[in-house]
Structures are given as C-alpha cells and as structure tokens.
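Topology and contacts: notes
The primary structure of each chain is shown beneath.
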Amino acid sequence: MSPHIRSARLWASVATAALALSFAGAGQASAADVNNARNSGFESGLGNWTCSANSGTTVSSPVHGGTAALKATPAGQDNAQCTQSVAVKPNSTYSLSAWVQGGYTYLGVTGTGTTDVSTWTPDSSSWKQLTTSFTTGASTTSVTVYTHGWYGQAPYYADDVSVYGPDGGGGSDPNPTVPATPAGLSVSSTTSSSASLSWNAVSGATGYNVYRNGTKVTAVTGTSATVTGLAASTSYSFQVTATNSAGESAKSTAVTATTTSGGGNDGIALPKHAVTGYWQNFNNGATVQKLSDVSSQYDIIAVAFADATTTPGAVTFNLDSAGLGGYTVDQFKADIKAKQAAGKKVIVSVGGQNGTISVNDSTSATNFANSVYSLMQTYGFDGVDIDLENGLNATYMSQALHSLASKAGSSLVLTMAPQTIDMQSTSNSYFQTALNVKDILTVVNMQYYNSGSMLGCDGKVYSQGSVDFLTALACIQLEGGLSPSQVGLGLPASTSAAGSGYVSPTVVNNALDCLTKGTGCGSFKPSKTYPDLRGAMTWSTNWDASAGSSWSNTVGAHVHALP
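I will try to describe carefully the structure that is included in this document. (Residues numbered from 1 in each chain as written. Predicted model: local features only at pLDDT ≥ 70, side-chain atom pairs only at ≥ 80, totals over all residues. Heavy atoms only, no water.)

**A closer look at the nonpolar core**
Keep this limit in mind: Think of a nonpolar core as a cluster: buried Ala, Val, Leu, Ile, Met, Phe, Trp, Tyr and Cys residues, connected wherever their side-chain atoms sit within 4.5 Å. Burial status follows relative accessibility: with a 1.4 Å probe on protein chains alone, a residue under 20% of its type maximum counts as buried, one over 50% as exposed, and anything between as partly exposed. Numbering goes from the N terminus for both helices and strands, where a helix is a DSSP run of H or I of at least four residues and a strand is a run of E of at least two. By definition, residues are in contact when any of their heavy atoms lie within 4.5 Å.
Judged by nonpolar contacts, the single largest core of 103 residues is most densely connected at Trp279, Phe332, Phe368, Phe381 and Ile386. It is helix H6 (residues 467-479) that contributes the most residues to this core, nine residues altogether. In contact with Ile386, not counting residues within four places along its chain, are Val350, Phe368, Leu392, Met397, Leu401, Leu414, Thr415, Met416, Ala417 and Tyr430. Listed in part, the 25 residues of the second largest apolar core include Ala37, Leu107, Ala158 and Val161.

Okay, here's the thing in structure tokens:
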C-alpha cells in the first residue's frame, strides 16, 4: 500500500532460477556416519573453503554455533559462491545441510555422479536450516559442496555446514558437546491465550526446547518463543533447554507467566468472510472520500496511514483536512462511530511504501504499543494494520503487538499486508511475525501486485495477473501455519491503483472459489479446500470509487456470499 504507485520488485529471475532446484528429503544416517565437511563451523577462518572473487570472510556475529560464521557478499556479476571439496564413499547417501541467514542463500552439491541437488531460501532475518540429500555414483570419491547468494542482493551468512553420511576418509571436525543450560529466561509479554518468552543464546546450540509445566511444547532455533493455546487468567511454569546433535542441556531456571483475562480474538464481531479496504488520508488523484462515503461492502476499513514521530517506534495520526476538502477531526471521529454502529471495523494502518517506523528493541516496542493504543482511545480505532514495506523485526514487533493486545483486550482487530516476497518462507521476518501473533491475528491480506514472479507452495513459479498466482501463493500461508480465517487476497481496485498486478474482479472471485470450494481453479489446484478463508482486500476504497465501485460491488458481494 502506498500513497503513490509503488515500484515493482522484480524478482522474476530469482524465482525462475528456482525451477532447477530440488527439495529432496534427507535420508536416515547410520550409527557410523560422520560429518565429512571440514571446518564446517568456520572456526578456522576460511580454511578448507574457497570463495569466488574474495567475496567471503568470517565474522563473530551473527553466528549459529561456536564463535564464527561465514559472511559472503555478492557484487556485480559474482554471486559470492563458497565451495569445499568433500571426500565421500561411492554408492552412498548423504544428508547436506547448513544454517543460513541474511540475503538469498543457496546450498548445493556438484560432482555426485548421479543427480546434483540444491536448495535455497529467500532473505531471512534469523537462522534457518537448509537441508537436502544426495547419492553418490559408483566411482564417486569426492563432491563439491557450495553456498552462494544472488546477484545484487544482500550478503548472506552460513554456519554449521554438514555432509552427513558414511566416512569418506577425508577427516571430519570434532564431535560437538552438549550445550550449556540457557540463562536469562524471562516473560516478555502475555495475552489471554499466550505467553512470549526470551532467553540468552548458548554457544554451540543449534536449537532450543520450551517446556510448559515440565512438558515440551515447542522447539525453536532462535532465542524467543510464543506459546499459544493457554487458558485465560492462569499461571504457567516455563523452562528452556539448549540442543545440538550431541544432545540436550539441563532445563533452565523456571519462570512463571500468568495470562490475562478476556480470551483471544473471539469477541470481534466480524463476518466469517470479510472485505478489507484501505481509505486514503491524502489526495493522489483518486476519488477523495470521507469515511462516510466508503461503500458498505467493506467490513474492515484501514485508514492509511499513521505517521512516525521522533520517538523510536512511536506513531501518531494527522488527518489531512486540507487535502480532503476540509474534512474535520470531529467529522472523522463521528464517521468512525457511524461505521462501527453499522457493524464495520475501522483501524489505523502503519507503514506504506514511505513508512519509516522501526521497532527493533524493547523500548521501541513499548513505544509502538503505547502510541497505537493512544490513537485507538483518541479516535476510536478498533485496531491496527501492519503494512511495513521496508522490513520489520519479528521478535520486537511481535512483542509490541502482544503488548497492544494486552491493553486493548479481545476486541482488537489486527491485520497485516505483506508483499509477496515477504511470505515466500516461514523463516521470513514478516511470516514469523504473523505466526508469532497468530493468537491475536485477524487476517493477513498479502499484496498480490507490484510483484515479480514468485514460487507457489508446489515449488513452481507463477507470474502475477492470474488465478494461479493468487491460489498457489495463498497456499504457502494456508499450509505454513496460518488459519484459513487469517488469510485474505489483496488486489488493486483498478489499473490506476498499482504499478502492476491488477486483475479483473472475476479473477479474484475465481481464486476465492478455487480456495474455498475447489472450483474456478487454473492449472494449480490446492490439495484441499479452505472454506473458512477470510476474504479479500483492495487498495483502495478511493480507487474503487474512481472506477465506479466495480471491485467492491463484484468482489464484496461474492465474498459475503461464500458459504
């Protein structure tokens, strides 16, 4: 979403390259298997590794395990490929894995004598494990393992590379030891149904287990977790352990978290299938509207946008009275109440293309929650929309939103509007945030426009402007952990509303039918239907009005008629 038409993010070449990738599962290893990679954790600098065009170096932070990791920076026509020749046995199966972070990262192997394989991930703000497997040929005694980034993209980090399988005779790194017990466990926030925890990193750990009242409830790779499904007004004891391939540490000192009263998001009087529209608090050539002018087809109206302040993380709202024909604050507040009386929800959107809000520590998270809650009290907003298109920190934005929920209670409406690239992988910070706040999340309306080609949940590449683009990408969210009621399809209301990606309302309706009923699909057909799919979103109510309300009259009526 933006007050201006946003530039398309052209990722087509990246996604097209993914066609050649294989996502083979790792085979089981025997007791005699070893990690055949040398200097797999980069503790000895770049020893045993060769990086193209001097693109690689080792760093002390961030690291996944130990005290060092690889940092490789693509530049020009160099994709920052780092390789190692690894001794292997013929006719043997190996599991290839590595922990990665940062920009686009690829992991693969060549010279197998059978089928060379690779896997990849989009940019990730936290450590993610890439895993695949390969089988050597009858005469293969060495292979080349590689990592690389993507041209013109951000640096990537890699650590704890493993070529696990029969001993190829080339030597291996010393076996890891069981990590120490995590320290610093604390409760960062609670809601009526969840508790958010954080703790200090442990050297050599590759993951952490979280225990509730002595029972393991989740496993994570980072140093924070949100445990959901809790009862309101109830105290729970939590502990954490650190893990790696050598085993699991002792449990940490316990902390107690007490959930708030109220219970989740159940109090929101939204229809099963809802339509969201962004209302422009500015004049950019689209029809200027008061809130009272917005079509009744819209169930959630997102006021675009809140403004940043000089206080880190804090936001404010300034009605553009001059640009909106003298629309006064009192009229605006009265219109919000009128929409609410008609059963609609009005929320304030934070971000947009030019949004500069940054929530990257506990202080800014607190400032964000306090300032948004203040706007809710001042104007009567029902909640907040997160439309940060310049990146976000999953840990602290999740903390901020849970803090806001603890203030606003079960009536909070929380929506998100990520770009397509933001939801390609659950390791992406936007997707992580959505999963972290799943207990209070209303809907994620991904923007299926101003995008290049993207991967669908079947691993194939789809181009914007088609039913398949909508359904195959929505499938990633539906199968990635979000409830169908938390997934919506975001499209521009007219050709003027976005730089690219407009489709006719009929295509939107076909995609909705494909996902909810299994009809109207293109070449991609989901493995199952999602009858509880929340609905659709558009940018914007103003551009919709400029086009004679064609989008809301067609898509809105269709959404509300879904079973």
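Still more ground to cover, so stick around.
**Here's the deal with the sheet that holds strand E12 (residues 186-190)**
Short version of the rule: By this definition, two strands are paired if DSSP reports at least two bridges between them. Every axis in this analysis is a line fitted to C-alpha atoms, fitted for helices over the stretch in contact. Angles between the N-to-C directions lie between 0 and 180 degrees.
Read across the open sheet, the three strands follow the order E12-E13-E16; overall the sheet is antiparallel. What marks the edges here is a single partner per strand, and that holds for E12 and strand E16 (224-227). Across the sheet, the axes of successive neighbouring strands diverge by a mean angle of 25°, strand direction being ignored. Looking at chain direction, E12 and strand E13 (residues 195-198) are connected through four bridges and run antiparallel. Bridge pairing in E13 links Ser189 to Ser196. Its contacts with the sheet put helix H4 (residues 394-408) on E12, E13 and E16, and the angle it makes with E12 is roughly 55°.

**Some remarks on the sheet that holds strand E2 (residues 50-51)**
Pairing in this open sheet of five strands is antiparallel, and the strands run E2-E5-E10-E7-E8 from one edge to the other. Unpaired on one side and paired on the other, E2 and strand E8 (117-121) mark the two borders of the sheet. With six bridges connecting them, strand E5 (residues 82-87) and strand E10 (residues 142-148) associate as antiparallel partners. If you follow Cys82 over to E10, its bridge partner there is Thr147.

**Structural notes on the side chain of Asp385**
Which entries qualify depends on this criterion: The definition of a polar contact used here is a pair of N or O atoms within 3.5 Å, where within protein one atom must be able to donate a hydrogen and the other to accept one, and adjacent residues in sequence count solely through side-chain atom pairs.
Within the secondary structure, Asp385 is located in strand E25 (residues 383-388). Asp385 sits in the buried class, given a relative accessible area of 0%. There is a polar contact of 2.6 Å between the side chain of Asp385 and the side chain of Ser349.

**Details of the side chain of Arg534**
Inspection of the secondary structure assignment puts Arg534 in the loop between helix H7 (505-517) and strand E31 (535-539). At 3.4 Å, the side chain of Arg534 and the backbone oxygen of Lys272 are in polar contact. The contacts of Arg534, once residues within four sequence positions are left out, are Leu270, Pro271, Lys272, His273, Ala274, Thr442, Val443, Pro484, Ser485, Val487 and Val559.

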